[in-house]
Structure formats: structure tokens, C-alpha cells
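Listed here are the chains, written in short residue letters.
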Amino acid sequence: MEHLFNNNLFERKNFFSTINYIEAKSVIDLLADLKPSPSINKNILIKDISSKSLIRKNSIIFLDELYSNPTKEDLLVISNIDQKNNIDYIKVNNISQAYNKILNFMFPHEDIHADNFDNYNYLNGSYISKYSKIDDSVEIGSNCFIGRGVEIKKNTIIKNNVVIKNSIIEKNVTICDNSTIGSTGFGFNLNCMGSKHVNPHIGTVILKENVYIGANCTIDRGKIDFTFIGKNSMLDNLIHIAHNVIIGENVCIAAQTGISGSSIIGNNVVIGGQVGIAGHIKIGDKCIIAARSGVTKSIPDNSKVAGFPAIDIKKWKKFIINQRVSIK
Amino acid sequence: MEHLFNNNLFERKNFFSTINYIEAKSVIDLLADLKPSPSINKNILIKDISSKSLIRKNSIIFLDELYSNPTKEDLLVISNIDQKNNIDYIKVNNISQAYNKILNFMFPHEDIHADNFDNYNYLNGSYISKYSKIDDSVEIGSNCFIGRGVEIKKNTIIKNNVVIKNSIIEKNVTICDNSTIGSTGFGFNLNCMGSKHVNPHIGTVILKENVYIGANCTIDRGKIDFTFIGKNSMLDNLIHIAHNVIIGENVCIAAQTGISGSSIIGNNVVIGGQVGIAGHIKIGDKCIIAARSGVTKSIPDNSKVAGFPAIDIKKWKKFIINQRVSIK
Amino acid sequence: MEHLFNNNLFERKNFFSTINYIEAKSVIDLLADLKPSPSINKNILIKDISSKSLIRKNSIIFLDELYSNPTKEDLLVISNIDQKNNIDYIKVNNISQAYNKILNFMFPHEDIHADNFDNYNYLNGSYISKYSKIDDSVEIGSNCFIGRGVEIKKNTIIKNNVVIKNSIIEKNVTICDNSTIGSTGFGFNLNCMGSKHVNPHIGTVILKENVYIGANCTIDRGKIDFTFIGKNSMLDNLIHIAHNVIIGENVCIAAQTGISGSSIIGNNVVIGGQVGIAGHIKIGDKCIIAARSGVTKSIPDNSKVAGFPAIDIKKWKKFIINQRVSIK
């Protein structure tokens, strides 16, 4: 996994017209409402945000658990619990609000806030950011939107009315009509709802070589890191891929399936139509998930599951047969 | 509920380039094919349509049941059953056809019929009706369509390729890419199918302050009144909200959920992904509906349900455990 | 069924800027990697592709089973199994690759490959192919794309941000906002995944008179023949109709339902919301399919089914009641 993160580093600054750096000590002022304590001794300039998956240089990490990595001089920990290990950190009474306050300060995060249309080229009804990087061989249909920082490599085909933001798209990818790639994920907090309080998302979507995305799909950007679809994977229509999902290579997903946030799908997985996969679980390599399954728990390599909650497909079939017998 | 309707009155005429008023007595001629009887004595000018939820001035109401409110001088009742109470009414042999005939006469109802593109301003690929009312602070992305009568208040963000018609949108709302807000609802009649016979819809969508709508969602306009989403409620991607649905405040709905026509969702309800909610039911305040539930009946405040048909979540979990045990 | 195919013939060449005809003997060279044998004696010029449903003039058919029709002089059979009956055929070791190789040679198949924007008229943000045939009475909203070969007849209404390709649309049809009609179907091969290996689709979508399509739907083009929706049928929002599906007349389909490839839906069928219908099955006339059903097998005329896997609705209700009783 670390491998995956290190091989897919991206430059945060490509995606933002402005990033407001902030002195570690000024962070305390910004969080004044959240009773920050104790004061910290570090005097670093914060330029980025880290997640548990990837620690970035000169960054802040938000933690609701103990920090377990080796102390880094250029990392500022903000937490709502007491940290040990002699690390410098800022304690706050609300970690979600701390996250929102700092990210809203550092990143003008809303997808259309960040830019203005003078920075776009117009081509066949499509608006293409002057700060995107698109290979000449790429074909783009009509009425698309390609946002700041987006990279699209050789021979990729973008059909019509496609919206692409915050994405790095490798060669030979196809994205069909009316799909939305790289929009903000569903970052809500049940104690503080509403669009004004949506959690800022600053991550990307990474689509590797030869990926195929059908029509009217939505693939949300990562919250801090990325949402990832591996080489040769293919998605049918009306599919939803939430923030931070990682999909391996050669994965086949049929229509109307949804994958919840932060789940990991292995290589060579086959997923039927109208499947739901819960958040924060792991589907092993070479799994087969029957149509209309609801997968609620992690499953190991080579599993074949069906039903809701999904179980081994042989057991499920037996169960269904018994059920049928019981209904005279 | 009455409260909700009275606090959210809207001017029907804002949304139509023409409304053809009709004398009560001419209604009889218009319905000649439907054997209208008896003749009525009223001599009022019909300007609007009423529903059981809200009686409007100088209007018609269509009823397939007894009219139970106090008689109003300026209300014309059309019904397919015999009314009592000495009220003046027109009886017809097909109430659905009567509805279609009168609404098609009074309202050039189809969303794109009603207008022509000379009445639109063009901005960054977006077409914005000159008869809409949009605050200067509103940000609108590329390739959107904002139709006649639409109101959008302060600081609302409309992303790209969004279609908004027949809607009143309060401040600080966010609507993500490729969503369709205020399109005609699914008004079919199994005895008379086809696009020519679709029931006219003349209502609105009302999105209150701080609502968040994800990407590729569809929110249909009300049939006569409105489809309503209350303050601070948040919707993920690929969600369908049918005509006349009323959603309270602080409601959280995960991706790919669908809510059928005329259902009412209370405040502070949490709804998982891929849930289906049947039509004409009521979900109480503070309910929690697990992912992939199919809710077929009304549920009281504070219910927690799961499964299909949805039942109490504790019972459902017990049931699932028993089921698992029975499968060796 | 033959009737249906013969009544809905379309001119393949209308949909392609170039079709590369190929001599039967050159086909062997094109398939050199797939160990073609034996050589054939025919000297015909191949101009089209046939399916088992419809044999076209001067065409190739790809078969993974015995060819059972009377031998035709102008038909070239390519198969991965030994054919009998003294027919001339080319045997290959991989029929899927043979299909891809020949179709990619003959048809520049990708929807946006086939054309360039000089061949489009621009109207209110919509791009309309000069090689489409659209009646003057048709209303087209803003920011649509209407591709090469598309025919749209009298009084049809296309709303906003709609993408229509490879389609023949009869009169009085309505297509609502953000829908995608006629995009390539989900043609994958688990042994050879990725967008570069997507199976070419060269078929059409046929929407008959008075069809109604809701918002944000996807209807894929047929693989070789067509995806078909019969007269007066109505679809709600966010519905997926896969390649080669045939839907009869007066069919009513509620929101978020998906129908998998090559299934056949009879006349006067009513399908609830969030239903899934498996591929290659047949739903008889006048069937009723309850909301959230998963139909896995063909069902005869007049069936009423519910549940997943769907069973007779009375049995299902009894089963649910028993289940409820068993949960104390």
C-alpha cells in the first residue's frame, strides 16, 4: 500500500490557484474557538496536509487516535485526544472543525471557487483550464469541463458533457458521456450539517492506463490523497465511486454499483450490477461479487460472494434453495 | 404541514411565459369528451390549480374522493365521484384525463416548450433565463441551464453541466456537476401511457439554506406544489428525489438512494446508500435507515431500520445472525 | 422477434463516416495472429456484420456455436469451433479477438472518433451533426450533442445536456435532461480487460413513437443490431438499459432500475424502482415486477414477482410474513 502511495505522488499546488501557507504558531490563533492547548514549540511553515497513508513535508496531520509514527520535525499533529511519546501537538476540542478551519484557510477548496473562466480555453463547447496538461492526441467531446491541474495523457478519449476536476489520467483511458470525475466527496459531519460545513477535499482522482469509465458515473476526488483506479479496470454506467476508494487492476464493475469511501478492491475482481460495498473494507484479489450483493465486511482473495449481507455464494445458493422449498 | 405550505408560497406565474386563464363555465366545454355533469353555477375565472395540501385563489381542484373542506366561492371542484355537501362541482368519467386536458390548456407545461433561447443570457457556456432571479454572489459553472422563474440566493454554488428549472434555491446551497433539479416528475397513467399523455407538472423544487446536492442527482419538481429539501440537508451522488417529496432539516442521504413520490422525511434523519423509500409514506424525525434498506411503510420518530422490507435494525441483525446459523 | 428485426432495419452507413470494406480472403490476413484455418473459397466483399438475430447482405457472422441457418453465399462465418454442414468458414483460436480485430478495421467505432466538429451545427450550445436528420418541429435544449446518423422525427422534445448518438427516434418522444442515449455498451472480456480491448459496438438505439425517457438515464446502443424501446413506454430517472435490450409497448419503469444486456421485456409490463433484471432473460407480457426485485430468470406472461431472486409476489408476501413471525 505504501508502495501505491509513493508511486502516485502528485503536486498539490498544480490543483490550486492559491495555497495559503501558515506558520505552525499561527495555527493556534486560527483554532482559537476550539480551545487549542498546549502551545507548541515548532516554528515550521505549513504547506500541505498529511493523512495516515502518506506523510508529506511541512504538513499538518489531524488525528483522533494516538500518533504512532516516528516523530518528524516538519509535521504538526492536531488531535482531540492526549498524545504521548513526547511529540509536539495541538489539542483541540473538535477535530472535524479544526480540519475545516485550517483547510478552508489554506485551500480555496470548492471546485469552482478556485478559478475563473478567463483561465480556460474554449473548444467545441468545452472549457479546458489553461493550467491543465493535456496531450495533443487526447480527444475531447463537446460541452466538457476540464479543471485546473488535470493531466490527461496520450490517446485518452473524453466523450461529451464530461466534467473532470482534480484528476490525473493516464494513456488510453476512455470516459463516457455525462460522467463526473473528481468532484468533492461526501464530507459531512452529523453534528454540523449543511453545505457551509462540508469537509474540504483536496485530493485527486488517479485513473491508470487503459481504464474505461461508462456514462453518467461519479468518481469523487480523494479527501487528502486520492481515489484510484488501476490499469485495465472497466466500469459500466451509473456507477458511484466514493472518496479514497482504491481499485486494483483488471477489475470489472457492472452498472449501478456503488463503492463507499476508503474501501480497497484488489486486482482481477469482478463485481456485478447494483452491488453495494461498505466503506473502509477490503476486497481481496480475484474475488467475484454477484449482482445485487451488499458487501459489509472485508473478504479474502478468491472469495465468491452473494446476497445481503453478502456471504459465500455456494452457501447463499443453498440458502435460497432451502428458502424456496420452505415456501409451498 | 400546513405551516410548511404557507411559509413556502411561490408565484406560479414566475415560471410560465403564458398562463391561459379559463372561465369556470368554459371548463365544461374543454372536458366535453369526459361527459361532464352537472353544470355548475359558478362564474369564476380560473387562474391556478390547487392540491389537497394547499387551496389557492381562483383555482380548480381535482378529486377522486369526497371534498371535505369548507366550500370556497373561488374554488372549482372536478371529480370522478359524486360529491355531497351541496358543493358545486363538475363530475367527469376520467379524472386523470380531465387533469391533463385542463393543465395542458392553462400551462404550456413542458420545460423547454415554455420559453425560447432569446430569453436567455449566455455566460461561460451556461444559458440563464432573463426571467430568473439570481443573486450577484452566486457562482455558476460552465454549460448549465437555469430556466425561467428560477430564484437563487446569496453565495450559492452551481457547478458544471447542472440543469435547474422551476426551482427556488436559498442561500449557501451547493449543487454539484451533472445534476438535474426541477425536471418534470414521472407522471404516468397505466391506462394511457406515452410521452403525449404524461401528467403535466407545474410545481417547484425548494432547496432551503445550506442544502448540499451531490453530482448526477435528479430532483423532480412538485406536481402542483413543491418538492422540498430543508435547511442543512445533504445529498451524496446519483440520488433520485421524486415529485412532492418533503425532506426536513439536517437530513443526510448517502449515494444512489431513491425516494418515491410524495413521501415525507422528518428532521435529522440519516439514510444510508442504495436505500429505497416507497411513495406516500412518512419517516419520523431522527430515524436511521441502514444502507440498502427498502422502507415500505411509515416509521415513527427515532426508528432505526434495516433490510427489505425494512424492520427494526436490532430485529434485523438478530434475524441475519439466525439465518447465518441455519446455513452450515 | 424476426418481425421486429425486419421492421426496424437501419442503414449502417448512416452512422459512420468511413466503413472499410474487406475481401473475404483478406480477412484471413487480418486474423493471422489467431491461427485462422482452413482457408475459404468465397470471394465476396464484406460490407457489414451479422448477428444471429439478423443476417445482413455481404457480411460476417461470429459464432461460438454451430451455424444452423441455411448456407448463404454472401455470408462469411468465423468461429472458434468446428462447423459442419459443408459450410465455408474461418476457424480462429479466439473469437472475441477476431471480432475486435475485424470491427476495429471496418468501423472507426468510438463515438467521438468517427467524426470531427466541422461536421456539426451549433445551436444554443448544442452540437448537431450535419449528418443527422432532425425534423424541423423537434425541440432541442441547450448543451446537447446529437451525433452522426441520428434521426429524430416530428414533435420530439430533447431537453438540456442530453447526449444522443447512433439512435433512431420516432415522433412525440421526450428525453429529459442529462441522459445519454446510444453510447457504447459495456463490452468487456475478462481475459483481456481495458479500454483498448473494449468490444466495438456498431448498433443503434431505437425509440418508438411516444416513448418517454427521464433525467440522467443511460441507454446503450446495440452491439450489432439495436437496443429497442417500444411505443408509449415510459422510463423514470437514473435508469440503465444495457445493449441489445428489447422493451415492448406501454412498459412503465420506475427510477434507478437497471436492465442487463440482451434481455427482452414484453408489452404492458410494469417495473418498480431499483429493480435489477439479469441479462439474456425474457419477461412476458403484462408482468408486474415489484420495486427492488432482482429478476434472475425468464418469467411468463402475467407473472407478478417480488424479492431477490424474484418469485411469485404472493409467495414472497407469505414468506415475508412468516419471516416476521419468526422474529420475536
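Please read all numbers here as calculations on a predicted model, not as lab measurements.

A. Representation of the overall build of chain A. Looking only at helices and strands, chain A has four helices and 34 strands in total. Here the C-alpha atoms of chain A give a radius of gyration of 22 Å, agreeing with the 20 Å that 2.2 N^0.38 yields for 328 residues. Along the three orthogonal principal directions, the C-alpha set of chain A runs to about 70 × 50 × 35 Å.

B. Focus on the pairing of strand β4 (residues 59-63) of chain A. Residue and element names in this part refer to chain A. Most of β4 sits inside the fold, with four of its five residues counted as buried. Here strand β3 (residues 48-50) runs beside β4; their pairing, made up of three bridges, is parallel. Residue pairing across strands places D48 opposite S59, the latter belonging to β4. In this structure, β4 lies alongside strand β5 (residues 75-79), joined through five bridges in parallel fashion. Looking across to β5, one finds that F62 is bridged to I78.

C. Looking closely at the interface of chain A and chain C. Facing 39 residues of chain A, the contacting portion of chain C comprises 36 residues. Taken together, the residues of the side of chain A that touches chain C break down into 15 nonpolar, 19 polar and five charged.

D. Summary view of the domain arrangement of chain A. Residue and element names in this part refer to chain A. We note that the domain assignment places domain 1 (20-106) and domain 2 (117-318) within chain A. The partner domain 2 presents seven residues to the nine residues of domain 1 that form the contact. If you tally residues by element for the side of domain 1 that touches domain 2, the top one is helix α3 (residues 95-106), at five residues. Looking at the side of domain 1 that touches domain 2 residue by residue, the class counts come to four nonpolar, five polar and no charged.

E. Representation of the relation of the copies chain A and chain C within the structure. Its rotation angle being 120°, the transformation that places chain A on chain C also includes 0.0 Å of axial translation and leaves an RMSD of 0.0 Å. Each copy turns onto its partner about a three-fold axis. With a heterologous cut-off of 20% or less, the 15% of interface residues of chain A that recur at the interface of chain C puts this contact in the heterologous class.

F. Region of the structure containing the interface of chain B and chain A. Contacts between the two partners involve 40 residues from chain B, matched on the other side by 37 residues from chain A. Class assignment of the residues belonging to the side of chain B that touches chain A gives a composition of 15 nonpolar, 20 polar and five charged.

G. Structural context of the sheet that holds strand β8 (residues 126-129) of chain B. Residues and elements named next belong to chain B. Strand order in the open sheet formed by 10 strands is β7-β8-β11-β14-β17-β20-β23-β26-β29-β32, and the pairing between neighbours is mixed. Strand pairing shows two members of the sheet lacking a second neighbour, β7 (120-123) and β32 (294-295), which therefore form its edges. In the sheet, β8 pairs with strand β11 (residues 145-146) via two bridges, with the strands oriented parallel. The partner of Y127 across the bridge, within β11, is F145.

H. Focus on the relation of the copies chain B and chain A. For the match of chain B to chain A, the screw axis carries a shift of 0.0 Å, the RMSD comes to 0.0 Å, and the turn is 120°. An asymmetric contact is evident, with only 15% of the interface residues of chain B recurring at the interface of chain A.

I. Main features of the sheet that holds strand β6 (residues 89-91) of chain A. Residues and elements named next belong to chain A. Strand order in the open sheet formed by four strands is β3-β4-β5-β6, with parallel pairing between adjacent strands. The sheet terminates laterally at β3 and β6, the two strands that pair on one side only. Across the sheet, the mean angle from the axis of one strand to that of its neighbour is 25°, orientation sign disregarded.

J. Seen up close, unusual backbone geometry. Residues and elements named next belong to chain A. Following F308, the chain continues to P309 via a peptide bond in cis, the omega torsion being -5°. Mapped onto the elements, P309 comes out in the loop between β33 (304-306) and β34 (311-312). Located in the positive-phi region is L238, a residue other than glycine, with phi close to 55°. One can find L238 in the loop between β22 (234-235) and β23 (240-241).

K. Looking closely at the pairing of strand β17 (residues 180-183) of chain C. Residue and element names in this part refer to chain C. Of the pairings in the sheet, the one linking strand β14 (residues 163-164) to β17 comprises two bridges and is parallel in character. What sits directly across from I164, in β17, is I181. Here β17 runs beside strand β20 (residues 218-220); their pairing, made up of three bridges, is parallel. Across the sheet, the residue bridging to T180 is T218, located in β20.

L. Broad picture of the environment of A:G182. Residues and elements named next belong to chain A. Take G182: it is sitting in strand β17 (residues 180-183). Expressed as a C-alpha distance, the spacing of G182 and S132, which sit 50 residues apart in the sequence, is 14 Å. With near-sequence residues (within four places) excluded, G182 lies in contact with I164, K165, N166, S167, T204, V205, I219 and R221.

M. How the structure looks around the environment of C:I22. Position of C:I22 among the secondary structure elements: in strand β1 (residues 22-23). Non-local contacts of C:I22, meaning those with residues more than four positions away in its chain, are made with C:V27, C:I46, C:F105 and C:M106.

N. Geometry of helix α3 (residues 95-106) of chain C. For α3(C), with 12 residues, the first-to-last C-alpha span of 16 Å sits near the 16 Å given by 1.5 Å per residue. On its buried side, α3(C) packs onto β1, α2 (24-30), β4 (59-63) and β5 (75-79) of chain C.

O. Just the environment of A:T218, in detail. When you line up the elements, A:T218 lands in strand β20 (residues 218-220). Counting along the chain gives 37 residues from A:T218 to A:I181, while the straight-line C-alpha distance between them is 5.9 Å. Setting aside chain neighbours within four positions, we find A:T218 in contact with A:T180, A:S183, A:H240, B:A215, B:N216, B:N237 and B:L238.

P. The arrangement of the confidence of the model for chain A in detail. Overall, the prediction assigns chain A a mean pLDDT of 94, with 98% of residues at 70 or greater. What the predictor reports for the complex is a pTM of 0.97 with an ipTM of 0.97.

Rules behind the numbers
- Residues numbered from 1 in each chain as written.
- Chains lettered and ligands numbered in written order.
- Predicted model: local features only at pLDDT ≥ 70, side-chain atom pairs only at ≥ 80, totals over all residues.
- Helix = DSSP H or I, 4+ residues; strand = E, 2+ residues; numbered from the N terminus.
- Rg over C-alpha atoms; globule rule 2.2 N^0.38 Å.
- Buried ≥ 20, exposed ≤ 12 C-beta atoms within 10 Å, placed from the backbone.
- Pairing = 2+ DSSP bridges.
- Contact = placed C-beta atoms within 7 Å.
- Nonpolar A, V, L, I, M, F, W, Y, C, P; charged D, E, K, R; others polar.
- Domains from an automatic or database assignment.
- Least-squares fit on C-alpha atoms with pLDDT ≥ 70 in both.
- Axes fitted to C-alpha atoms, helices over the stretch in contact; angles between N-to-C directions.
- Expected span 1.5 Å × (residues − 1).
- pLDDT = per-residue confidence, 0-100.

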